[in-house]
Amino acid sequence: MVRHSQYDVCIAGAGIIGLSIAFRLAEAGKRVLILDRKGMAAEASAGNAGALAFADIEPLASPGIILKAPKWLFDPLGPLSLPLGYLPRILPWLLRFFRASMPDRVAGSTRAQTALMDLARAETESLFEAAGVAGLLRRDGALFLYEGERAWKASLAMWKTRGAHGIEFEHVTGSRLAALQPGLGPTVTHATFVPQWLTVSDPLDVTTCIGKAAIDRGAVFQTAEVTDIEQDEYGVVLMLSDGTAVRSGEAVIASGAWSHRLAATLGDSIPLETERGYNTTLPAGAFDLKRQLVIPEEGFVLTRLDTGVRIGGAVELGGLERAPDFRRSEIMVEKARRIVPGLKTDNGRQWMGFRPSLPDSLPVIGRSPRAHRVIYAFGHGHLGLTQSAATARLVRDLVLGAAPAIDLSPYRPQRFS
Ligand SMILES: Cc1cc2nc3c(=O)[nH]c(=O)nc-3n(C[C@H](O)[C@H](O)[C@H](O)COP(=O)(O)OP(=O)(O)OC[C@H]3O[C@@H](n4cnc5c(N)ncnc54)[C@H](O)[C@@H]3O)c2cc1C
C-alpha cells in the first residue's frame, strides 16, 4: 500500500454539498480529489426546487408536523406518505423524529437552524460570487399562498417566530397579491410575501458550474464508487468498487442519502434516512410565474427555472430501493392547476429524488468520532442547496484548523449515540 498521498482531501460525493466544499478547499490551495459513482450533480442536487430558503428556520421535527401528520398520512397521495412495508425499517428513525419534535428540543434545533441559515445567507453570496455563478441567482422572493383565512391564520405563529429572528415578510391580499402573481385561482385568498428568499435559475446548472469552478482551481474529478474507508497513521484510504484505492490526508463524506453506509464502514452509526421527493418540470411557457409560489398546506412549490416550470415537493418515507410512484408527481400538478388555473400541463418531465434526512432536521457537520481524519457533511434534508455554502465554509474551517464560523456542537455526528 502506498503511503504517499497525492491529495490533501478526497471528497466522496459530487452533489451540491461535496462540490461546494471542493470549491472552497481548492480555492484555499488544497489538493482535492472528488469521487462520485455517477458523475456531477446526479441525484437530489440536480432536480430540487431551486430555493435558497433562508427563512425556513423551524426544524421539520416540530409539534406542528406531529399534529398534521395523521391527516396527511391518511391521504395515500397526500404531502406525506409512508409505505406500510417500510414502517418496521424506519420506526427507530420515526421515534427519534418524534422525540426531536418535543418543545424543549425544538427551541434548540431552531437556534441551530437559524445560526446555519444566517451563515448560509452570507456564504452563499460570497461563494456564488467567487465561483462566478452569481448571475444564476434570482432575487424575486417567494409568495406563500393560503386557501382560506383559516389556513393563513394557522400560519401566523410561524411568521411571528420568523419575524422575531429578523426575517422580513409582508402579508398580502387583494390587488397587492394579484400584482405579485397574476392568474391565481379563486381558492387563494391570502398570501405572505418573503422578499429576501432567493431561487436559482436551475439547480443542475448551479451545481455543475460550482463543480467546474472547483476544477478550474485545481480540483480533480473521477467517476468512482467508494465502498470502504480506512484511516491509518499516514492518512485515509478510500477503497473503490473497481478494486483500486486512493489515499489522501483527509476525507469528506458528502454522499447525500447514502452517506451513512460509508460512515458505517468506519464503525459510526448515524440514523440517516431519506425523505423521497417528487416533481414535474413543465416546458418554459407553461405559466408566467413571477416568483416561487409555496403552498404550505399541500407541501409543494412552483418554481420558475430557466428550463421550465417545476412543480414539486411531497415526502415519501420509502427508503433507497423502492421504485418511484409517479402518481405523486401527477397529483401535485393537478393541485397546482387549482392554484394557477391557466397552467399548461402537457409534456412534463417527472423526477424523484432522495433527500438525506436526520431525525432532528439538522445536518451532520463534523469529524467522525472514530476516525478524526474523516469529516462528515450530509443530512441536509429539505435544505441542502440552501445550506451548501455554509457547510462548505464550516468544512473548510475544519480542514484548515481555523475556528469554525459558528458553534458546531448542534451538528456533531455523535449526538445520536
Ligand atoms: C423534490 C425535492 C425538492 C427539493 N428542494 C430543495 C430546495 O428548493 N432548496 C434546498 O435547499 N434543498 C432542496 N431539496 C434538498 C436538496 O436537494 C438536498 O438536500 C441536496 O441536494 C443534498 O445534496 P448532497 O450533495 O448532500 O446530496 P446529493 O445531491 O444526493 O449528492 C450525493 C452524491 O453522492 C454520490 N454518492 C453516493 N454514494 C456514493 C459512493 N459510495 N461513492 C461515490 N459517490 C457516491 C451520489 O452519486 C450523488 O451524486 C429538495 C429535494 C427534493 C428531493
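For clarity, every value in this text was computed on a predicted model and none was experimentally measured.

Asks: Help me out: how do you make sense of the overall build of the protein in this one?
Replies: Secondary structure assignment for the protein yields 11 helices and 20 strands. Its C-alpha atoms give the protein a radius of gyration of 21 Å, within 12% of the compact-globule value 22 Å for 417 residues. Overall size of the protein, expressed as C-alpha extent along the three principal axes, is 70 × 45 × 40 Å. Evaluated residue by residue, the protein yields a buried proportion of 56% over its 417 residues. Here the analysis covers contacts within the protein between residues at least 6 apart in sequence; of these, 76% occur between residues at least 24 apart.

Asks: How do you make sense of the sheet that holds strand β3 (residues 51-52) when you look at a structure like this?
Replies: Strand pairing within a sheet occurs via backbone hydrogen bonds; the two strands may be parallel or antiparallel. Judged by pairing direction, the sheet is antiparallel, and its three strands sit side by side in the order β3-β9-β5 without closing on themselves. Each edge of the open sheet is held by one strand with a lone partner, namely β3 and β5 (137-138). In the sheet, β5 pairs with strand β9 (residues 198-200) via two bridges, with the strands oriented antiparallel. Directly across from Leu137, in β9, lies its bridge partner Val200.

Asks: Explain the site of the ligand to me, please; I cannot follow it from the model alone.
Replies: Around the ligand, 34 residues are found, and the nearest of them are Asp36, Ser45, Gly381, His382 and Thr386. In this structure, an oxygen atom belonging to the ligand sits 3.0 Å away from a main-chain N or O atom of Gly384. Mapped by element, the contributors of at least two residues to the shell around the ligand are α1 (16-27), α2 (44-47), β14 (273-282), β18 (349-357) and α11 (384-400). A total of four residues in the shell around the ligand trace back to one element, the largest contributor, which is β18. Here the shell around the ligand is built from residues that sort into 16 nonpolar, 13 polar and five charged.

Asks: For this particular structure, what's the right way to read the pattern of salt bridges?
Replies: Note on pairing: side chains with opposite charge can pair once their charged atoms come close. One pass over the structure, following the stated rule, counts 27 salt bridges. Of the charged contacts in the structure, one is a salt bridge between Glu316 and Arg276, with a shortest N-O distance of 2.7 Å. One end of the pair, Glu316, is in strand β17 (residues 308-316); the other, Arg276, is in strand β14, with 40 residues separating them in the sequence. Each of the two residues, Glu316 as well as Arg276, counts as buried. Between Asp325 and Arg327 there is a salt bridge, with its nearest N and O atoms 2.9 Å apart. When salt bridges with common partners are traced through the structure, they connect Arg24, Glu27, Glu123, Arg393, Arg396 and Asp397 into a single cluster.

Asks: Teacher, can you tell me more about the environment of Arg415 here?
Replies: Structurally, the position occupied by Arg415 is in the segment after α11. A relative accessible area of 17% places Arg415 in the buried class. Sequence spacing of Arg415 and Pro296 is 119 residues, and the spatial spacing of their C-alpha atoms is 30 Å. If sequence neighbours within four positions are ignored, Arg415 has contacts with Leu358, Asp360, Leu362, Pro363, Val364 and Pro410. Among the polar contacts listed, one links the side chain of Arg415 to the backbone oxygen of Pro363, at a separation of 3.2 Å.

Asks: How do you make sense of the packing of α1 against α11 when you look at a structure like this?
Replies: For any two helices packed against each other, one specifies the inter-axial angle together with the distance between the axes. At a minimum axis distance of 8 Å, the contact between α1 and α11 shows a crossing angle of 40°. Taken together, the axes of α1 and α11 are oblique relative to one another. Crossing geometry of α1 relative to α11 is assigned as right-handed. Counting all contacts with α1, which are made through Ile16, Ile17, Ser20, Ile21, Arg24, Leu25 and Glu27, the residues of α11 involved are Gly384, Leu385, Ser388, Thr391, Ala392, Val395, Arg396 and Val399. Among the residues forming the contact of α1 with α11, the class breakdown is eight nonpolar, four polar and three charged.

Asks: Any chance you could explain the side chain of Thr280 here in plain terms?
Replies: Along the chain, Thr280 falls in strand β14. Other than its neighbours up to four places away in sequence, Thr280 contacts Val309, Arg310, Ile311, Ser329, Val333, Gly348, Arg349 and Gln350.

Asks: Help me understand the packing of aromatic side chains in this model?
Replies: For any pair of aromatic rings, geometry is given as the distance between the ring centres together with the angle between the planes. If you walk through the whole model with that rule in mind, you get seven aromatic pairs. On the basis of an interplanar angle of 45° and a centroid distance of 5.2 Å, the ring pair of Trp159 and Phe169 is categorised as tilted. Remark: Phe169 occurs in the loop between α6 (149-164) and β7 (170-172) and Trp159 occurs in helix α6; sequence separation between them is 10 residues. Note on Phe169: relative accessible area 28%, which makes it partly exposed. Between Tyr376 and Phe378 the ring centres are 5.5 Å apart and the planes differ by 55°, which places this aromatic pair in the tilted class. Residue Phe378 is classed as buried on the basis of its relative accessible area of 1%. Grouping aromatic residues by their ring pairs yields a cluster made of Phe144, Trp159, Phe169 and Trp197. Its guanidinium or amino end placed over the ring of Trp258, Arg37 lies 4.7 Å from that ring's centre, counting from NZ or CZ. Lying across the ring of Trp159, Arg162 places its NZ or CZ 5.0 Å from the centre.

Asks: Help me understand the pairing of strand β1 (residues 7-12) in this model?
Replies: The element β1 is largely enclosed, with a buried count of five among its six residues. Summarising the sheet, β1 and strand β13 (residues 245-253) pair through five bridges and their orientation is parallel. Bridging across to β13, Tyr7 finds its partner in Ser248. Relative to strand β2 (residues 32-36), β1 runs parallel, the two sharing four bridges.

Rules and cut-offs
Residue numbers here run from 1 along each chain, matching the order of that chain's written sequence. In keeping with the predicted nature of the model, local features appear solely for residues at pLDDT of at least 70, side-chain atom pairs appear and are counted solely at 80 or more, and the whole-chain, interface and lining totals rest on all residues. Hydrogens and waters are ignored; side-chain quantities use all the structure's heavy atoms. Secondary structure elements are defined from DSSP: runs of H or I of at least 4 residues count as helices, runs of E of at least 2 residues count as strands, and each element is numbered from the N terminus. Our radius of gyration looks at C-alpha atoms and nothing else; its globule reference is 2.2 Å times the residue count to the power 0.38. Only protein chains enter the accessibility calculation, which uses a 1.4 Å probe; a residue whose area is less than 20% of its type maximum is buried, one above 50% is exposed, and one in between is partly exposed. Working rule for contacts: check all heavy atoms of both residues, and any pair within 4.5 Å makes them a contact. Whether two strands pair comes down to DSSP finding at least two bridges between them. It suffices for a single heavy atom of a residue to lie within 4 Å of a molecule or strand for the residue to be listed as near it. Here a polar contact means two N or O atoms within 3.5 Å. Within protein one must be a hydrogen donor candidate and the other an acceptor candidate, and residues neighboring in sequence count only if both atoms are side-chain atoms. Only Asp, Glu, Lys and Arg are considered charged in this grouping, and only Ala, Val, Leu, Ile, Met, Phe, Trp, Tyr, Cys and Pro are considered nonpolar; every other residue, Gly among them, is considered polar. Salt bridge, as applied in this entry: a Lys or Arg side-chain nitrogen positioned within 4 Å of an Asp or Glu carboxyl oxygen. Working convention: axes come from line fits to C-alpha atoms, limited for helices to the stretch in contact. Angles between N-to-C directions cover 0 to 180 degrees. An angle below 35 degrees is read as roughly parallel, one above 145 as roughly antiparallel, one from 65 to 115 as roughly perpendicular, and any other as oblique. By definition, any crossing whose near helix is turned counterclockwise from its far helix by less than a right angle is left-handed, and any crossing with a clockwise turn is right-handed. The criterion for an aromatic pair is that two Phe, Tyr or Trp rings (for Trp, the six-membered ring) have centres within 6.5 Å, with stacked assigned to planes under 30 degrees apart, edge-to-face to planes over 60 apart and tilted to the rest. Two conditions define a charge located above a ring, namely a distance within 6 Å from the ring centre to NZ of Lys or CZ of Arg, and an angle within 35 degrees of the ring normal.

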